[in-house]
Amino acid sequence: MSRVVYLHIGAPKTGTTYLQDRLRLNAKSLADHGVHFPTRSPLVSPALFQFRAALDLLGQDWGGPPGHAKGNWDALARQVRRRSGSVIVSHEILAPASPAQVAKAKADLAGSEIHIVYSARDLGRQLPAAWQESIKQGRRWSYRRFLRAAVSGDPWFYRAFDLPSVLETWGAGLPPERIHVVTVPQPGVPGQHGDLLWLRFCEAFGIEPAWAPVDSDRRNRSLGIAETQVVRELNRRIPRATRRGPAYDNLIRETLAQQQLVKRESLPVRLPPRRLPWAQAQTENWVKWLDGSGVHVIGDPHDLWPAPLAEGERFHHPDRVRPRRQLDAAMDALVAMTLEAGGRPDPERQLVNRVRSRAQQLRPGNRQG
């Protein structure tokens with residue numbers, strides 16, 4: 001039986017967390033229909049395994065202890081080559097890969113019919129989400145500086161969003177019908193965060209939605225302006241080596257930002273009105289490229305057009321958050337971290353209990369043999 005490999009390469013902030021979790025939850029059901037979402041072992045989630053594989057392919061090493069990604073791409077490629085039917089590989093950091101890295105990926109998957117799947121979102125939502133996501137991952141730059149870098153095309157995030165560049169690199173040597181672009185629905189479209197986007201992904205991967213009936217409740221929600229500034233100020237006080245380590249990822253990004261601060265009601269990060277013409281010009285180039293490329297577009301290209309602020313909506317600059325709002329968010333963060341620390345086991349108490357237990361076992365009346 002032949003093998004078809006779907007490489008879902010991003011972009012970030014396009015429903016990838018939801019997608020990967022739903023594939024994980026339905027991995028057995030999908031496998032029964034010849035669709036595989038590989039992992040390295042039952043103890044490692046497919047998303048984590050494929051994240052490490054992507055890091056390894058790109059020659060990067062972050063989000064874990066040094067060397068944690070080494071060998072994972074080769075392990076993933078071996079897993080893929082052992083499969084028949086369809087195989088889905090998904091991680092959003094793959095989007096800005098270099099031509100040499102893309103060539104290696106394709107060579108390692110030789111013998112497969114390779115398809116590229118790319119999910120795209122309008123820059124009016126994409127750039128604000130990318131800035132706050134970069135802050136959650138330890139960056140310290142202001143929103144103004146981030147946007148200046150985006151306009152110049154410098155940061156990793158923007159290179160991952162540059163639709164023509166990404167698809168020309170990944171699509172090199174492939175017929176256009178094997179390149180699938182999934183557009184993320186605009187706000188207000190029914191089912192925009194669940195059914196509709198999922199159905200579009202299903203079409204891209206060539207699977208029946210009924211094969212994955214279990215829904216996911218995972219969402220990588222964005223922080224508001226006050227919460228983002230609190231994490232940014234925290235980053236400015238934490239050494240770079242700590243911000244790049246697994247402890248930061250677990251404690252600050254996961255526990256504080258994604259589990260606690262996202263629950264607060266706060267003003268959202270928006271694209272500044274003065275940047276809208278630039279974003280619309282970029283989108284015009286994207287849509288023209290799609291029209292002339294012949295690639296398979298799933299959804300509506302108009303989903304990619306950034307919209308202006310709603311009538312009567314005021315732009316609140318994330319770099320100028322009122323001190324009171326920051327203080328409220330900071331106090332909620334302090335409470336959350338205190339509760340987190342209080343709920344964790346006390347290492348000293350654990351050591352005392354182990355010593356007492358061992359002493360009890362060694363008492364004469366308790367010895368055996």
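It should be noted that the structure appears before, not after, this text.
As a starting point, this report considers the structure included with it.

Cut-offs and rules
- Residues numbered from 1 in each chain as written.
- Predicted model: local features only at pLDDT ≥ 70, side-chain atom pairs only at ≥ 80, totals over all residues.
- Heavy atoms only, no water.
- Helix = DSSP H or I, 4+ residues; strand = E, 2+ residues; numbered from the N terminus.
- Buried < 20%, exposed > 50% of the residue type's maximum accessible area, 1.4 Å probe, protein only.
- Areas by Shrake-Rupley, 256 points an atom, 1.4 Å probe, with all protein chains shown as cover.
- Lys, Arg positive; Asp, Glu negative; His and termini not counted.
- Charge placed at Lys NZ, Arg CZ, Asp CG, Glu CD.
- Patch = residues over 30% accessible without salt bridge, like charges linked within 9 Å, V, L, I, M, F, W, Y side chains within 5 Å.
- Salt bridge = Lys/Arg side-chain N within 4 Å of Asp/Glu carboxyl O.
- Arc of directions from axis to C-beta.
- Contact = heavy atoms within 4.5 Å.
- Pairing = 2+ DSSP bridges.
- Axes fitted to C-alpha atoms, helices over the stretch in contact; angles between N-to-C directions.
- Core = buried A, V, L, I, M, F, W, Y, C linked by side-chain atoms within 4.5 Å.
- Expected span 1.5 Å × (residues − 1).

Moving on, we come to the overall build of the chain. In terms of helices and strands, the chain carries 16 helices and six strands. Counting the 369 residues in the chain, one finds 49% classified as buried. Of the roughly 18,300 Å² that the chain leaves accessible, carbon and sulfur atoms contribute 51%. Both charge centroids of the chain, one from 53 positive and one from 36 negative side chains, sit 9 Å from each other.

The next thing to look at is a positive patch on the surface. Together, Arg139, Arg140, Arg144, Arg145, Arg148, Arg240, Arg244, Arg274 and Arg320 give the surface a local cluster of positive charge. In terms of residue count, the dominant contributor to the positive patch is helix H7 (residues 143-152) (three residues).

For helix H5 (residues 99-108), the full list of buried residues reads Gln101, Val102, Ala105, Lys106 and Asp108. Angular distribution of buried residues about the axis of H5 spans 165°; they occupy a single face of the element. In H5, the exposed positions that point more than 90 degrees away from the buried face belong to Pro99, Ala100 and Ala107. Its buried side turned inward, H5 meets helix H3 (46-58), helix H4 (72-81), strand E4 (113-120) and helix H9 (163-170).

Let us look at the sheet that holds strand E3 (residues 85-90). The strands that make up a sheet are held in pairs by hydrogen bonds between backbone atoms, and each pair lies either parallel or antiparallel. Sheet architecture is open: six strands sit in the order E2-E3-E1-E4-E5-E6, paired in parallel fashion. Edge positions in the open sheet fall to strand E2 (35-36) and strand E6 (296-298), since each of these has one partner strand only. When strand E1 (residues 3-8) meets E3, the two strands line up parallel, connected through six bridges. Opposite Val5, over in E3, you have Val87 as the bridge partner. Across the sheet, H9 touches E1, E4 and strand E5 (179-183), and the angle it forms with E4 is around 170°.

All right, on to the side chain of Ser86 then. With respect to the secondary-structure elements, Ser86 resides in strand E3. Setting aside chain neighbours within four positions, we find Ser86 in contact with Val4, Tyr6, Gly34, Val35 and His36.

Leu7, Tyr118, Leu127, Leu163 and Trp170 are the most contacted members of the largest nonpolar core, which totals 80 residues. Element by element, the count of residues in this core is highest for H3, at seven residues. The next biggest cluster of nonpolar side chains, apart from the first, holds 21 residues, and it includes Tyr6, Leu30, Phe37 and Ala212.

Attention shifts here to helix H13 (residues 246-258). For H13, built from 13 residues, the straight-helix expectation of 18 Å at 1.5 Å per residue is missed by more than 12%, its first-to-last C-alpha distance being only 15 Å. Buried within H13 we find Tyr248, Asp249, Ile252, Arg253, Thr255, Leu256, Ala257 and Gln258. Elements in contact with the buried residues of H13: helix H6 (123-136), helix H11 (225-236), helix H12 (240-243) and helix H15 (323-343).

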